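# Working through the structure, step by step
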Amino acid sequence: MLQALELKQKPTLLLVDDRPENLVSLEAVLNDNERIILKAQDGEQALSLLLEHDITLVLLDVQMPGMDGYEVARLMKANPRTREIPILFITATQPDERNMLRGYQHGAIDYIYKPFNTEVLRKKVAVLQELQLSRRCLSVMNRSLDEARSYYAAILSTAAEGILVVDEQGSIRYANPAACELLQCDLDSLEGEQLHHLAIAPDSNIIAWENSVFFQHWRKKLTYRAHDAQLFTPSGQELPVTLSCAPLPAPHRGLVVVFLDNRIPKKLQEQLVKQAVTDTLTGLYNRHGFLQSLQASLSRSGRAHKPLAVLYLDLDGFKRINDTLGHPAGDELLCVMADRLRRCTRAYDTVARLGGDEFTIVLDSMDTPEDAARIAEKILDSLATPIEIQGLKLAVSASIGIATYPDCSENVDGMMQAADMAMYQAKSEGRGQYRFFTAAMNGRARARLMLEESLRQAVATEEFVLHYQPQIMMRDGTLRGFEALLRWQHHQAGLVSPGIFVPLLEETGLITRIGSWVIEKICHQRRLWGNTFPQDMVLSANLSARQFGQSELVDLVFQLLDEHQLFAHQLELEVTESSLMNDIEHSQRVLQALRKKGVRIAIDDFGTGYSSLAYLRQFEIDTLKIDRTFIANALVSPKDAAIVEALVALSHSLDVEVVAEGVETTEQLQWLQQIGCDCVQGFLFAKALPVLEAEQYPAKLDFEKL
Ligand SMILES: Nc1nc2c(ncn2[C@@H]2O[C@@H]3COP(=O)(O)O[C@H]4[C@@H](O)[C@H](n5cnc6c(=O)[nH]c(N)nc65)O[C@@H]4COP(=O)(O)O[C@H]3[C@H]2O)c(=O)[nH]1
């Protein structure tokens, strides 16, 4: 833009003469509206105009007082801004040869003598002016050419891709810095090198350029592209590249080759693949990686007819460590665990963490299935050494299930299921041990699947009923309330015990649906019993851990209380210790909200879980239900008796009501009375009763006679 403006400007002449009349006559001759004319009467004025304006040509008087024309020319020559401006000297006398040469030396183009022929002067000025404009034009173009050249050179030298320019004979004529760097050589050694030699392994036969793919494509004016090409450095090192080779546009006869180092995307891809199959915490394989590896091992073992085993390992009591010491401690434990598992296995066995505290191992190419038992024993032995975390020595054990190929299954899913089932078997038989999968387990699994299926149907067809077990106040033998207990009225099998189906409901997630149904049902029942029982009679329901963790629980309870117009204290929700410990903050929030409304909270089965007396203080509760195993043992085990006594005393000091569960004998009842237990529940009074029997129960109860 600036350059175009520069060229469009009118030419400017500077006339320099000490005599004003000469200046006037010169102006009269040269003024034609096509040019601008400036005038100066001495050297100083001329120099300052020269610096201020863009002068095309100077007509300079040689003889001037003070600074003469030669001196002005010398000073112009010395200044880069005025150096190139042509000077036409005007003189009355022919200068001597020395001065004339001095003039030419300082930039004079020509001399013109006074008195001058006006026509000659006009012509000379016109020619010189034209020449000067052409020169300017040229220099502007040169400048823009230089700029364009340095712009493209900068692009070429900063490009991350290697760029080569090759002539039609296949000789490299140019290589950018990236090309030199990737090919590990300097420009000098690349220049003149044949392009197709770079694409040939050092020990291969050299072919002629005319037979190369580059030339073949160039001849047909086509671009050659290769995503997995190979170049070779002069030292013979392989360079995997993506490459394109395009003919240069006419009139150039040659090709431009652009290539990109494939090792960078490859490395990124490798990293991504690694991340996708690795457990970030332990660095072991994750589930995805493990299943892939198991698939590959099964195929190998199939071909080699070698047995293979999958070990499924679950840490015993990991959750408690995580909950009590915090997640960082849990993570540390898992890392130590991963390390020990690595040490117990061979380099080519696959060790993985599926998630949480579940680890799996593929034992590849075993000689006999007993090798798997040896490894399992080694793992259990290695866990016998306590793990030190946060200054505490933690004793950790694991349950291990083993499935062998081809006996248990021949596919990934089957092997995983079998190992998982065997692990559950090991766990249920007493932890810290290993079990091989057996056909009997398979039978049980099948039965379980069938049960699961009919349970789903039962949920859909509402085959559930609630039975009510009475709770009796010790002080006067009156009815405190009922605990609602779920029963499954199976259309063929009859009444199924919750001990069988509640864990299944929990595992399948159906428990939340049923749980909501139970709360709704007892609210409904409590309203129906409005006139049958006193106002303070309590109905209680069990909450599963999952249900207790649900964010909508509080709203549901409030909504049902409203709907059935109940007093909040007529409803008691029983939560187990472990549900509370799952997420302590959440538990505190839920309990606070429910109790604020007046809903009663009971801790169920106290003594079977964490048995932490500390949280009796931490959580807001109304009732503590002592587990029936303590009551069953209390009269034969002084230790259990002492625990129950301490619990009763502690609960009273915290204003918490105590309910003893599972009271079956009058001896137990008398003892509980002695130690001040508030309330009792058990077969001594009644089993869980259907609605009608529950209604009639208080009339039949004779507390004194018990
Ligand atoms: N040996 C003996 N047992 C006695 C005696 N008195 C009561 N029981 C039994 O002890 C269990 C008490 O319920 P739980 O501890 O909450 O234990 C319950 C509870 O954890 C769960 N459950 C039952 N109904 C529900 C429910 O509606 N929701 C949820 N989430 N769980 C439920 O199933 C478990 C077992 O329930 P049930 O089989 O009904 O077994 C009941 C009850 O019948 C006694 O004197 N001796």
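Below or above, wherever it landed, is the structure these notes cover. Remember, it's a predicted structure, so these values are computed and weren't measured experimentally.

Let's shift gears to the nonpolar core. One finds Phe464 and Leu672 to be the most contacted residues of the largest nonpolar core, which totals 80 residues. Ranked by residues supplied to this core, first place goes to helix H19 (residues 511-528) with 7 residues. Counting 34 residues, the second-largest nonpolar core is a separate cluster that includes Phe318, Leu341, Val351 and Ala376.

What follows deals with the site of the ligand. By nearness alone, 19 residues border the ligand, and Arg487, Asp604, Arg628, Glu664 and Phe683 come closest of all. Contact distances for the ligand include 2.9 Å between an oxygen atom and a backbone N or O atom of Phe683. In isolation the ligand has 800 Å² of accessible area, and contact with the protein removes 83% of it. Among the elements of the structure, strand E19 (479-490), helix H18 (498-508) and strand E23 (600-606) are those that each provide at least two residues to the shell around the ligand. Among the elements that make up the shell around the ligand, the one with the highest residue count is E19 (4 residues). Here the shell around the ligand is built from residues that sort into 7 nonpolar, 5 polar and 7 charged.

Moving on to the pairing of strand E13 (residues 358-363). Of all 6 residues making up E13, 6 are buried, and the element is well covered by its neighbours. Burial along E13 is two-sided: Glu358, Thr360 and Val362 facing one way and Phe359, Ile361 and Leu363 facing the other are all buried. As paired strands, strand E11 (residues 308-316) and E13 are joined by 6 bridges and run antiparallel to one another. For Leu313, the partnering residue across the bridge sits in E13 and is Phe359. As paired elements, strand E12 (residues 350-355) and E13 share 5 bridges and run antiparallel to each other. When the sheet's bridge partners are listed, Ala352 is paired in E13 with Thr360. Between E12 and the antiparallel strand that follows it, E13, lie 2 residues; Gly356 among them carries a positive phi value of about 50°.

Here the focus is helix H14 (residues 327-344). Because an α-helix completes one turn every 3.6 residues, residues spaced three or four positions apart along the sequence face the same direction. Taking 1.5 Å per residue, 18 residues should reach 26 Å; H14 reaches 26 Å between its end C-alpha atoms and fits that length. Those residues of H14 that sit buried are Ala329, Gly330, Leu333, Leu334, Met337, Ala338, Arg340, Leu341 and Cys344. Looking at the buried positions of H14, the neighbouring elements they touch are E11, helix H13 (318-325), E12, E13, helix H15 (370-384) and strand E14 (387-389).

Time to look at the packing of H19 against helix H21 (residues 553-563). Following both chains from N to C, one finds H19 and H21 inclined at 20°, their axes separated by 10 Å at the closest point. Classed by the angle they form, the pair H19 and H21 counts as roughly parallel. Two packed elements cross with a definite hand, and for H19 against H21 that hand is right-handed. Counting all contacts with H19, which are made through Ser516, Ile519, Glu520, Cys523 and Arg527, the residues of H21 involved are Leu553, Leu556, Val557, Leu560 and Glu563. Class assignment for the residues of the contact of H19 with H21 results in 6 nonpolar, 1 polar and 3 charged.

Let us now look at the sheet that holds E11. Taken in spatial order, the 5 strands of this open sheet run E12-E13-E11-E16-E17, and their pairing is mixed. Two strands bound the open sheet, and with one partner strand each, they are E12 and strand E17 (434-436). If you compare each strand with its neighbour and ignore which way they point, the axes differ by 20° on average. Examined bridge by bridge, E11 and strand E16 (residues 397-405) share 9 bridges and lie antiparallel to one another. Residue pairing across strands places Leu313 opposite Ile400, the latter belonging to E16. This element, helix H16 (residues 412-428), spans E11, E12, E13, E16 and E17 of the sheet and lies at about 145° to E16.

Another point: the environment of His305. By the secondary structure assignment, His305 is in the loop between helix H12 (287-304) and E11. The class for His305 is exposed, based on a relative accessible area of 73%. Spatially, the C-alpha atom of His305 lies 9.1 Å from that of Pro406, the residues being 101 residues apart in sequence.

For the rest of this paragraph, the subject is the sheet that holds strand E9 (residues 238-247). The 5 strands are arranged E7-E6-E10-E9-E8 in an open sheet whose pairing can be described as antiparallel. Here the strands that pair on one side only, and so sit at the sheet edges, are strand E7 (172-175) and strand E8 (224-232). With direction set aside, neighbouring strand axes in the sheet form an average angle of 30°. Pairing geometry for strand E6 (residues 162-167) and strand E10 (residues 254-261), over 6 bridges, is antiparallel.

With that settled, consider the pairing of strand E3 (residues 57-61). Counted residue by residue, E3 has 5 buried out of 5 residues, so it is predominantly covered. Judged by which residues are buried, E3 turns out to be covered on both faces: Leu57, Leu59 and Asp61 on one side and Val58 and Leu60 on the other are all buried. Sheet analysis places E3 next to strand E4 (residues 87-91), joined by 4 bridges and oriented parallel. Considered in E4, the bridge of Asp61 is made with Ile90.

Looking now at the packing of aromatic side chains. Two measures describe an aromatic ring pair: the distance that separates the ring centres and the angle between the ring planes. Going through the model one piece at a time under the given rule, you end up with 18 aromatic pairs. Relative to Trp488, the ring of Phe464 has its centre 6.2 Å away and its plane inclined at 35°; by these criteria the two rings are tilted. Taken together, the residues span a long stretch of sequence, with Phe464 in strand E18 (residues 464-473) and Trp488 in strand E19 at a distance of 24 residues. Like Phe464, the residue Trp488 is buried in the burial classification.

Position of Tyr697 relative to the elements: it lies in helix H28 (residues 691-700). Its relative accessible area of 8% is what places Tyr697 among the buried residues. Considering only alpha carbons, one finds Tyr697 and Gln469, 228 residues apart in sequence, at a separation of 9.9 Å. Leave out the neighbours within four places in its chain, and Tyr697 touches Pro470, Ile472, Phe685, Ala686 and Leu689.

This next bit is on unusual backbone geometry. Cis geometry is adopted by the peptide bond preceding Pro251, which originates at Ala250 and carries an omega value of 10°. Take Pro251: it is sitting in the loop between E9 and E10. If you check the backbone angles, Asp605 has positive phi at about 50° while not being a glycine. With respect to the helices and strands, Asp605 occurs in strand E23. Taking relative accessible area as the criterion, Asp605 reaches 25% and is therefore assigned partly exposed. In the Ramachandran plot, Asp655 falls in the positive-phi region, its phi being about 65° despite a non-glycine side chain.

Criteria and thresholds
- Residues numbered from 1 in each chain as written.
- Predicted model: local features only at pLDDT ≥ 70, side-chain atom pairs only at ≥ 80, totals over all residues.
- Heavy atoms only, no water.
- Core = buried A, V, L, I, M, F, W, Y, C linked by side-chain atoms within 4.5 Å.
- Buried < 20%, exposed > 50% of the residue type's maximum accessible area, 1.4 Å probe, protein only.
- Helix = DSSP H or I, 4+ residues; strand = E, 2+ residues; numbered from the N terminus.
- Near = heavy atom within 4 Å.
- Polar contact = N/O pair within 3.5 Å; in protein donor to acceptor, adjacent residues only side chain to side chain.
- Areas by Shrake-Rupley, 256 points an atom, 1.4 Å probe, with all protein chains shown as cover.
- Nonpolar A, V, L, I, M, F, W, Y, C, P; charged D, E, K, R; others polar.
- Pairing = 2+ DSSP bridges.
- Expected span 1.5 Å × (residues − 1).
- Contact = heavy atoms within 4.5 Å.
- Axes fitted to C-alpha atoms, helices over the stretch in contact; angles between N-to-C directions.
- Parallel < 35°, antiparallel > 145°, perpendicular 65-115°, else oblique.
- Left-handed = near helix turned anticlockwise from the far one by under 90°.
- Phe/Tyr/Trp six-rings, centres within 6.5 Å; stacked < 30°, edge-to-face > 60°.

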